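Listed below, chain by chain, are the residues.
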Amino acid sequence: MLQQKIPATVITGFLGAGKTTMIRNLLQNANGKRIALIINEFGDLGVDGDVLKGCGAEACSEDDIIELTNGCICCTVADDFIPTMSKLLERENRPDHIVIETSGLALPQPLVAAFNWPEIKTQVTVDGVITVVDSAAVAAGRFADDHDRVDALRVEDDNLDHESPLEELFEDQLTAADLIVLNKTDLIDAAGLKAVREEVASRITRKPAMIEARNGEVAAAVLLGLGIGSEDDIANRKSHHDLEHENGEEHDHDHDEFESFVVEVGAVADPAGFVERLKGVIAAHDILRLKGFADVPGKSMRLLIQAVGSRIDQYFERAWKPGEARGTRLVVIGLHDIDEPAIRAAIAAAAN
Ligand SMILES: Nc1nc2c(ncn2[C@@H]2O[C@H](COP(=O)(O)OP(=O)(O)OP(=O)(O)O)[C@@H](O)[C@H]2O)c(=O)[nH]1
């Protein structure tokens, strides 16, 4: 008997846009659907996986959460993604729906194109590509072409023939979308949001639907069941990288415009002060994303710290497990020229 193809939703969007938050909300409102999650994260800490495993949603047990940690999913399609999908599809108890969260630095195009590979084409289809946008970051000009900065990078690296790496990636993720979620609307006013809509629309030639959200709260029925089959249309959604390739320009998409490292420091006795001081470190070094867990003496739970630009959220996430080494570990992501030694020293100083 011919099995129906399993729908797979690809959720993309720049670092910190709110992908994990939206998925968490989706899992808690999945209306009885069994969802398998494939999560790809940039940075070596696996924070997203932990956050999602801790959400206790019935739609998705811990076994159904698969983390791809060997780099950005767009570069590891053959070695990582396809074998993972094949294994998932061999399971006796197949999921009703697959949700894939790309890293914030991934180009969605190679991932969507992978659904045309014979191993999975007969069994799965891309229900839709959903691109989550940090509306506040757009309003603040985060993705606008920063000519001074790009020129400075070019001086260091002759091969850099791109626009700003942030701008390019932002556009590539929008170009791939079937649905755009303008998230974090709580952080801007109506006029700001209108400007964000216009800016996003001006970046793409296709016209996917755009919806607004705060904290990724979008009904499951809106996110799942788009029924697009995006893999059949991926040739019409070319990334800057694809276009440069077609023009005979050869350079790899290897994320070397971005840098990530993990900083470990001791226990943090004054978490409020630490977070305030971190804001200063983030601003001084133009850190794009910082996230991880802190060990607060006398607390049985670990403190989750999430920074997107200089906005920081923090909450006690779960109890340290018996035998788990307590510690403060934060992943830092920035452009490739961020000053790692200085940031390490500044975070260590901020913790004391
Ligand atoms: N104010 C506000 N904060 C939000 C909203 N959505 C998400 N956040 C916060 O933004 C931060 C980043 O959210 P995530 O869901 O982890 O973002 P992400 O896109 O998964 O991040 P990466 O996986 O690192 O790319 C967290 O601190 C969230 O709580 C929102 O609508 N409003």
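Here, every reference points to the structure presented above.
Residues numbered from 1 in each chain as written. Predicted model: local features only at pLDDT ≥ 70, side-chain atom pairs only at ≥ 80, totals over all residues. Heavy atoms only, no water.

Caption draft 1: Main features of unusual backbone geometry. Despite not being glycine, K184 has its phi angle at roughly 60°, a positive value. Relative to the elements of secondary structure, K184 occurs in the loop between strand 6 (179-183) and helix 9 (190-202). For K184, a relative accessible area of 16% puts it in the buried group. With a phi close to 50°, N215 is a non-glycine residue in the positive phi region. Among the structural elements, N215 can be located in the loop between strand 7 (209-212) and helix 10 (220-223). Assessed through its relative accessible area of 46%, N215 is described here as partly exposed. (Helix = DSSP H or I, 4+ residues; strand = E, 2+ residues; numbered from the N terminus. Buried < 20%, exposed > 50% of the residue type's maximum accessible area, 1.4 Å probe, protein only.)

Caption draft 2: Fine view of the packing of aromatic side chains. Evaluated as defined, the whole model comprises 3 aromatic pairs. Ring centres 5.6 Å apart and planes at 55° place the aromatic pair F81 and F115 in the tilted group. In this pair, F81 sits in helix 3 (residues 77-90) while F115 sits in the loop between helix 4 (108-113) and helix 5 (118-121), placing the two residues 34 residues apart along the sequence. In this structure F81 comes out as buried when scored by relative accessible area, which is 0%. Overall, F115 belongs to the buried group, its relative accessible area being 0%. In this structure an aromatic cluster arises from ring pairing among F14, F143 and F170. Sitting over the face of the ring of F293, R302 holds its NZ or CZ atom 3.5 Å from the ring centroid. (Phe/Tyr/Trp six-rings, centres within 6.5 Å; stacked < 30°, edge-to-face > 60°. Lys NZ or Arg CZ within 6 Å of the ring centre and 35° of its normal.)

Caption draft 3: Examining the site of the ligand more closely. Looking at the ligand, there are 22 residues lining it, with T20, T21, N215, K291 and D313 nearest. One of the side-chain N or O atoms of K291 is found 2.7 Å from an oxygen atom in the ligand. Within the complex, the protein chains bury 92% of what would otherwise be the 650 Å² of accessible surface of the ligand. Those elements that place two or more of their residues in the shell around the ligand are helix 1 (19-28), strand 9 (289-294) and strand 10 (301-308). When residues in the shell around the ligand are grouped by element, the largest group, 3 residues, is from helix 1. (Near = heavy atom within 4 Å. Polar contact = N/O pair within 3.5 Å; in protein donor to acceptor, adjacent residues only side chain to side chain. Areas by Shrake-Rupley, 256 points an atom, 1.4 Å probe, with all protein chains shown as cover.)

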